[in-house]
Amino acid sequence: MDLVPALEEPLKKVVGPATAKVMAEHLDLHTVGDLLHHYPRKYAERGELTRLADLPLDEHVTVVAQVATARILTFNGGRGQRLEVTITDGSGQLQLVFFGRGIHKPHKDLLPGTRAMFAGKASVFNRKMQLAHPAYELLKGDPDSQGNADEAVDSWAGALIPIYPATAKLESWKIAKSVDAVLPSAQETVDPLPPGLRDGRGLIPLPEALLKIHRPQSKADIASARDRLKWDEAFVLQVALARRRYADAQLPAIARRPREGGLLDAFDAKLPFTLTDGQQKVSKEIFDDLATEHPMHRLLQGEVGSGKTMVALRAMLAVVDAGGQAAMLAPTEVLAQQHHRSITEMMGELAEGGMLGGSDQGTKVTLLTGSMGVAGRRQALLDLVTGEAGIVIGTHALIEDKVQFHDLGLVVVDEQHRFGVEQRDALRGKGKQPPHLLVMTATPIPRTVAMTVFGDLETSVLDQLPAGRSPIASHVVPAEDKPHFLARAWERVREEVENGHQAYVVCPRIGDEDDDPKKAKKKAEDEATAEKRPPLAVIEVAEQLARGPLSGLKVEVLHGRMQPDDKDAVMRRFAAGETQVLVATTVIEVGVNVPNATAMVIMDADRFGVSQLHQLRGRVGRGSAPGLCLLVTEMPEASPARARLGAVAATLDGFELSRIDLEQRREGDVLGQAQSGVRSSLRMLAVIEDEEIIAEAREEAVKVVAADPDLEHLPELRTALDALLDDEREQYLDKG
């Protein structure tokens, strides 16, 4: 069944080419259907107008107010004229200014007592808030008849005026007029919800919901329309994911069960500690999946330091026991080398299969990265194709065509969000049959986001820290308000080093951009135009610290532009305790494990996201000594950035922080650009607030897909699915 032609009608036929061009370029709206789904972001009422007292600066605003005064002033010795209009809404006043020839029409229109809608950018002039040359729409009837004007104001009094997400090129009321032109087409929209589900939940039909969201008569209209439209978004998306899971469950895979007395048993026997309850529970979920003849698709999310690598390693050993190979994909060379080091250390002689002094039950653990020498690379490729290496750890070099496996049984992807979905898919394609897949992330993901972004994966959560992990104390250091706090921060770093420990200093920028004259010139121009100074840089900060507050200590730098061998050498020296302070960019954010590092100072902490700060902080306190994380900022106390840092300092619960992060960033686009480069389909649904709807929609979707996987009996739902999942997004969900 095709999409209804009326909704596919190009906007230029309905609203004219000029308006359609602006809508396409600035709002990404191309068809009648797109415009119908461009919902108002709020509604203005005469009784509760957007308060002039609360206008945000430098934002494009729409206000409804009454003209108090209007006067023409001259300047430049009488050569220039400007019209100044003061408007009021009871909460405050705002000045409007019109210049030159543009003053005649507003002078005629904006008489004292007139009500109108005004749109423009709020700025400050002479310490007063003003709108310069705002667009306006009078709220009255026939201008020749005062009686009609009063009636119009009264009839408007109870009306809810939709305020649309607008741009400087296209005001809200112009969008509203365009919506009026396409609203009749709403009657032809196909309703994707199965009738039983719609009636069972008391949801209104879709055409009615579209009419009520755009032209509500009451607040109850808005509420019922929102409920219905949220359900549509949640349900159609969850059906797409449920179909994805269903299709995956039909794929064949080789069941991989660990053998008794094999590699896994030998490894467990030599562990110097017992696994946490959480690790045992998650391991069981993974082993149950591996034992089935369909590929596992599991997301393992665990707090920083909760022991995910241990769980993943035991899964890899189980697969090797069962005669297969396991590959671990890491996002950076530093991390791949580190995983290789820590896994070979954990396994000991079990990682030396076939080597002198190695264990009979052992296997070979091979590293494969892009920067390896020719001989090392050739040997690694040989180990993989012959099956000599049971475990391989590598970067995206693993994905290249030359790389062949003897029998790939399990793919472990570390830090999923760092990989393009194509990369993950390419590695999965290297098995004779689809291999099992375990995706790990240390970024805690609220349950509903996991259900939307990673909805094709089953989820396991590790939220217990292993015994012996120390708490991390976090403090905000306000360098601008209290410079002596920063001096004290460096003293604390010295104290940690004197007690035999090590420290990280993290900066947002590398700092060698200045070697390029073009970049240096651009940077100088940017600094001249921006009020903010550029972010602090690793190279400069390291020099200042070595000369100043940390002189005498062994300070080194680490950043992404260094040669891989140099990076590895720096990390080795730091891990061995030879370097006392490591000044680095966020390359240390993921997976770097130096238990002796106890202190971290994050410079310009306000330039990092909440989840990123939490990730960084997880690099300290990994041993028996307590950790310390200092968040240095120059932001004023009342700023949102400071509030964000305060939240990070106040809790070590990553799931709580990820909620705060999402609420602040607004997940407006969970499927978003970051994941797929495709515009989000979520316009009405708020992933955090609408947790219940998403969970219920997922349950309903599973039932619908189990009963009718191809949706043969639900052609309307199929149509909606095709509209939501254009080819690109379908592929994105495909690759997960």
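A brief report on the enclosed structure follows. It should be emphasised that the depicted structure is a prediction, and the values quoted were computed from it without experimental measurement.

**Digging into the side chain of Lys567**
With respect to the element layout, Lys567 can be found in helix α21 (residues 564-575). Glu333 provides the closest opposite charge to the buried, unpaired Lys567, separated from it by 6.4 Å. Other than its neighbours up to four places away in sequence, Lys567 contacts Val334, Leu558, His559, Gly560 and Met562.

**Points about the pattern of salt bridges**
Two side chains carrying opposite charge are able to pair once their charged atoms lie near each other. Taken as a whole and judged by the stated rule, the model has 32 salt bridges. Measuring nitrogen to oxygen at the nearest pair gives 2.7 Å for the salt bridge that ties Lys212 to Glu208. Remark: Glu208 and Lys212 occur in helix α9 (residues 206-214); sequence separation between them is four residues, near one turn of the helix. Several salt bridges share partner residues, and in doing so they unite Arg488, Glu491, Arg492, Glu495 and Glu496 into one network.

**With respect to the sheet that holds strand β14 (residues 436-441)**
Across the sheet, seven strands lie side by side as β11-β12-β10-β13-β14-β9-β15; this open sheet has parallel pairing. The sheet terminates laterally at β11 (364-368) and β15 (458-462), the two strands that pair on one side only. This sheet shows a mean twist of 20 degrees between the axes of neighbouring strands, independent of strand direction. Pairing of strand β10 (residues 325-329) with strand β13 (residues 408-414), which is carried by five bridges, proceeds in the parallel orientation. Its bridge partner being in β13, Met328 is matched across the sheet by Val412. Packed onto the sheet, helix α12 (residues 277-290) meets β9 (297-302), β13, β14 and β15 and runs at close to 155 degrees relative to β15.

**Section: helix α22 (residues 610-617)**
Taking burial as the measure, the eight residues of α22 include seven buried ones, the bulk of the element. Listed in full, the buried residues belonging to α22 are Val610, Ser611, Leu613, His614, Gln615, Leu616 and Arg617.

**So, the nonpolar core**
Most often, soluble globular proteins have nonpolar side chains that are buried together. Core analysis: the largest hydrophobic core is formed by 40 residues, its most contacted members being Met316, Met347, Ile391 and Leu410. Looking at this core, the element that brings in the most residues is helix α13 (residues 308-321), giving 10 residues. Dropping the residues within four chain positions of it, Ile391 is found in contact with Leu313, Met316, Leu317, Val320, Ala326, Met347, Thr363, Lys364, Val365 and Thr366. Listed in part, the 31 residues of the second largest apolar core include Leu11, Ala20, Leu229 and Met684.

**Brief notes about the sheet that holds strand β18 (residues 555-558)**
A sheet is described by the order of its strands in space; here six strands give the open sequence β16-β21-β20-β17-β19-β18, paired in parallel fashion. Lying at the two open borders of the sheet, with one neighbouring strand each, are β16 (472-478) and β18. In this sheet, neighbouring strand axes are inclined to one another by 20 degrees on average, regardless of whether the strands run parallel or antiparallel. Alignment of β18 against strand β19 (residues 581-584), held across four bridges, turns out to be parallel. Directly across from Val557, in β19, lies its bridge partner Val583. Along the sheet face, helix α20 (residues 538-547) touches β17 (502-506), β18 and β19 and points at about 150 degrees away from the line of β19. Strands β16, β17, β20 (597-602) and β21 (627-633) of the sheet are contacted by α22, whose axis makes an angle of about 150 degrees with β20.

About the criteria used
- Residues numbered from 1 in each chain as written.
- Predicted model: local features only at pLDDT ≥ 70, side-chain atom pairs only at ≥ 80, totals over all residues.
- Heavy atoms only, no water.
- Helix = DSSP H or I, 4+ residues; strand = E, 2+ residues; numbered from the N terminus.
- Buried < 20%, exposed > 50% of the residue type's maximum accessible area, 1.4 Å probe, protein only.
- Lys, Arg positive; Asp, Glu negative; His and termini not counted.
- Salt bridge = Lys/Arg side-chain N within 4 Å of Asp/Glu carboxyl O.
- Contact = heavy atoms within 4.5 Å.
- Pairing = 2+ DSSP bridges.
- Axes fitted to C-alpha atoms, helices over the stretch in contact; angles between N-to-C directions.
- Core = buried A, V, L, I, M, F, W, Y, C linked by side-chain atoms within 4.5 Å.

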